[in-house]
Amino acid sequence: MLRVALHRVVSHRSVHLTKVRPSMVVGFGGPVQLAENRDPNVNPIFHESLTNPIPDKPRTLKYTGDLATLKEMEVGDWKKLSVEEQMDLYNSYFGTSIADMCRDQDGWKSVLGAGMIFISFGLLLHLFIHLYINPPYVWTTLDEDWVKASIKRQIQSHAGDITGYSSKWDYANNRWK
Amino acid sequence: MYPYTFIQLTDSNTFFGHEIVLFHDFSLASLMFILTAVLLMFKALKKKKFVVLAYKGSNMLEFLWTFFPVFILISIGLPSLYLMYLLEGSFKGDLTFKVVGHQWYWSYEGGDFCDFDMSSYMIPSEDLVEGQFRLLEVDNTMVLPYSTNIRLMITSYDVIHSWTLPSLKMKVDAVPGRLNTMNIFSFQPGSFYGQCSEICGLLHSFMPIHVEFVNWETFLNNVTEESFN
C-alpha cells in the first residue's frame, strides 16, 4: 500500500509543477545559503536528489504568515487551492523540481576547457625543450641498424617461433613470409 | 624477444607454460565479461529514470547477484588449483643445479658430475656488439640440456632476488637462508632471457638471466670446460 502510494506521489511530483523554479540551480538539495544570510526558517540539512526525492523534513521549518494559512488550507480539499497556492506549498517543502534534477548540466565543459588549457601549456613547454634544449644525438640500441641486427639475431636463434619474429620468417627461402 | 608493442604472454617452451597461457586467457575472458556487465549497468543507471532507488528493495535480486558470481569464482578457482598442484608436484630431476642471487649478479653451481661455479654479470651497454640486447646480455650464460628434467635450487646470498624466465613461465624467489626448488624442462633448444624480479637494491634492473638450452654433447663440452676453468 505504501509502495503504491509513494509511487503515485513521486509520479505526481515529476509530472506536475515542473516549471516551479526554472532558474533554480541544481546543487546540494536546493539553493545554497551563506552563513551570514542564513534564514532560520530554512532547514540547513535539507537534502534532496533523484535517489532521495521525498526528504523526511521539509525545506521550511516554521510556517509563518501566509504560509501558515496555506498549511491550514492544505489539510482540506486541494481542489480549492489555486495553482499559485499549490506552487507556494510545493516550494515550501521542496528545493527544486524533478525536471531540474534530470536536466543536463554543462559544468563539465568548463572543467574540460580548463584541463585542456593546462595540457596545452605542458605541450608548449615540451616543444620548447625539444627544439632549444635537447642534447646532441647519442647512439642507442633503438637506432634502425641496431634494431635490424637484433631482429636478425632473434631469427637466427628461432626466438618467438609461435607469435614472434621467427614465426613470420620463411626459413626455406630466407625471406619474410 | 619481441617488439616493443607486444603485450601478450611470451611463447612457452614447456608444457606447464602452455597450460599457464591457456588459464591466463580464460581468466581474462571472465574478467572482460564482468567488466562489460558492470559498464552496461553504469550506462543504464546514468539515464536517471530510476527515481525511487532508495525506497525499493528486492531480496530475490540480492540473492541472485550473490549466488551467480560464486559460479564465476569456482570456474576461475578450480583450474587455478589444478595448475598449482601440477606445477608444484614433484618429478624426478635428472640433473640438479643451484642458482644463487647476489647483489647484483647471479652465480650458478653444478655438482652432479663436474663441479663448476660461475658468476654471470651483465654486459654494460657500452660493450655491446651491434644486435645484442640491452640490459639482457651476460658474460657467462647458463648452459643446460633441452628435453631433460632439470631441478633448480634457488637461493640468495644477501637479499631477496627473483629468478625469472618468462619464456619458460618461471619465477622463483631467491630468499636468503632458504632453498626454493623448481623443475625446468624445455621442449627445444634456444636462448632465453630474464631479469631479476624482486627489488634488491641499486642495480636491481641490471642483473639479467640468460639460459641456453643445447644438445647433450654441447652441454657436456661446456660443463667440462667450466669445471676446468
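Bear in mind the structure is a predicted one, so any value in this text is a computation, not a measurement.

Attention now moves to the pattern of salt bridges. Within this structure, the stated rule accounts for 4 salt bridges over all chains. The salt bridge involving Glu 74 of chain A is made with Lys 71 of chain A; its shortest N-O contact spans 3.0 Å. Of the two residues, Glu 74 of chain A and Lys 71 of chain A both sit in helix 2 (residues 66-75), 3 residues apart, roughly one turn of that helix. The exposure class assigned to Lys 71 of chain A is partly exposed, which follows from its relative accessible area of 25%. Glu 137 of chain B serves as the salt-bridge partner of Arg 153 of chain A, at 2.6 Å between the closest nitrogen and oxygen. Separated into two different chains, Arg 153 of chain A in helix 6 (residues 144-156) and Glu 137 of chain B in the loop between strand 3 (116-120) and strand 4 (142-145) make up a pair that spans both. Classification of Arg 153 of chain A by relative accessible area gives partly exposed; the value is 27%.

Right, let's talk about the UniProt feature "transmembrane region" (unreviewed entry) in chain A for a bit. The UniProt feature table records "transmembrane region" (unreviewed entry) at residues 111-133 of chain A. Taken as a whole, residues 111-133 of chain A contains 100% helix and 0% strand, while its terminal C-alpha atoms sit 32 Å from one another.

All names here are of chain B. Ranked by size, the top nonpolar core spans 31 residues in total, and within it Met 142, Leu 152 and Trp 163 carry the most contacts. Residue contributions to this core peak at 4 residues, all from strand 10 (residues 208-214). The contact partners of Met 142, leaving out residues within four places of it in the chain, are Phe 97, Val 99, Tyr 108, Met 118, Leu 152, Trp 163, His 210, Val 211 and Glu 212.

Let's shift gears to the sheet that holds strand 2 (residues 105-110) of chain B. All names here are of chain B. Within the open sheet, the 5 strands sit side by side as 3-2-1-5-8. Their pairing is mixed. Lying at the two open borders of the sheet, with one neighbouring strand each, are strand 3 and strand 8 (180-184). For this sheet, the mean angle separating the axes of adjacent strands, direction not counted, is 25 degrees. Relative to strand 2, strand 1 (residues 95-102) runs antiparallel, the two sharing 6 bridges. Bridge pairing in strand 2 links Phe 97 to Gly 110.

Strands in a sheet are paired, the pairing made by backbone hydrogen bonds, and the direction either parallel or antiparallel. Residue and element names in this part refer to chain B. What the 3 strands build is an open sheet, ordered 4-10-9; its pairing is mixed. The open sheet is flanked by strand 4 and strand 9 (190-195), the only strands paired with a single partner. When strand polarity is set aside, the average angle formed by the axes of neighbouring strands in this sheet is 25 degrees. Relative to strand 10, strand 9 runs antiparallel, the two being bridged by 6 bridges. From the neighbouring strand, Tyr 193 faces strand 10, where its bridge partner is His 210.

Mapped onto the fold, Glu 130 of chain B is located in the loop between strand 3 and strand 4. Since its relative accessible area comes to 48%, Glu 130 of chain B is described here as partly exposed. Among residues more than four places away in sequence, those in contact with Glu 130 of chain B are Asp 145, Trp 146 and Ala 149 of chain A.

This part takes up the environment of His 210 of chain B. Residue and element names in this part refer to chain B. Within the secondary structure layout, His 210 lies in strand 10. Classification of His 210 by relative accessible area gives buried; the value is 5%. Remark: the alpha-carbon pair of His 210 and Ser 191, spanning 19 residues in sequence, is separated by 7.2 Å. Contact partners of His 210, with chain neighbours within four places excluded, come to Leu 136, Glu 137, Val 138, Thr 141, Met 142, Ser 191, Phe 192 and Tyr 193.

With that settled, consider the packing of helix 2 of chain A against helix 3 (residues 83-93) of chain A. Residues and elements named next belong to chain A. Interhelical geometry of helix 2 versus helix 3 gives an angle of 105 degrees and a closest axis separation of 10 Å. In this view, helix 2 runs roughly perpendicular relative to helix 3, as classed from their interaxial angle. Packed against helix 2, whose contacting residues are Leu 67, Leu 70, Lys 71, Met 73 and Glu 74, the element helix 3 presents Glu 85, Asp 88, Leu 89 and Ser 92 at the interface. Split into classes, the residues belonging to the contact of helix 2 with helix 3 amount to 4 nonpolar, 1 polar and 4 charged.

Right, let's talk about a nonpolar patch on the surface for a bit. All names here are of chain A. A cluster of nonpolar side chains, contributed by Ile 117, Phe 121, Leu 124, Leu 125, Leu 127, Phe 128, Ile 129, Leu 131, Tyr 132 and Ile 133, occupies part of the molecular surface with about 1100 Å² of accessible area. Summarising the element assignment, Tyr 132 is placed in helix 5 (residues 107-133). For Tyr 132, a relative accessible area of 64% translates into the label exposed.

So, how was this worked out
- Residues numbered from 1 in each chain as written.
- Chains lettered and ligands numbered in written order.
- Predicted model: local features only at pLDDT ≥ 70, side-chain atom pairs only at ≥ 80, totals over all residues.
- Heavy atoms only, no water.
- Salt bridge = Lys/Arg side-chain N within 4 Å of Asp/Glu carboxyl O.
- Helix = DSSP H or I, 4+ residues; strand = E, 2+ residues; numbered from the N terminus.
- Buried < 20%, exposed > 50% of the residue type's maximum accessible area, 1.4 Å probe, protein only.
- UniProt positions renumbered as here; feature names shortened; annotations may be inferred.
- Core = buried A, V, L, I, M, F, W, Y, C linked by side-chain atoms within 4.5 Å.
- Contact = heavy atoms within 4.5 Å.
- Pairing = 2+ DSSP bridges.
- Axes fitted to C-alpha atoms, helices over the stretch in contact; angles between N-to-C directions.
- Parallel < 35°, antiparallel > 145°, perpendicular 65-115°, else oblique.
- Nonpolar A, V, L, I, M, F, W, Y, C, P; charged D, E, K, R; others polar.
- Patch = residues over 30% accessible without salt bridge, like charges linked within 9 Å, V, L, I, M, F, W, Y side chains within 5 Å.
- Areas by Shrake-Rupley, 256 points an atom, 1.4 Å probe, with all protein chains shown as cover.

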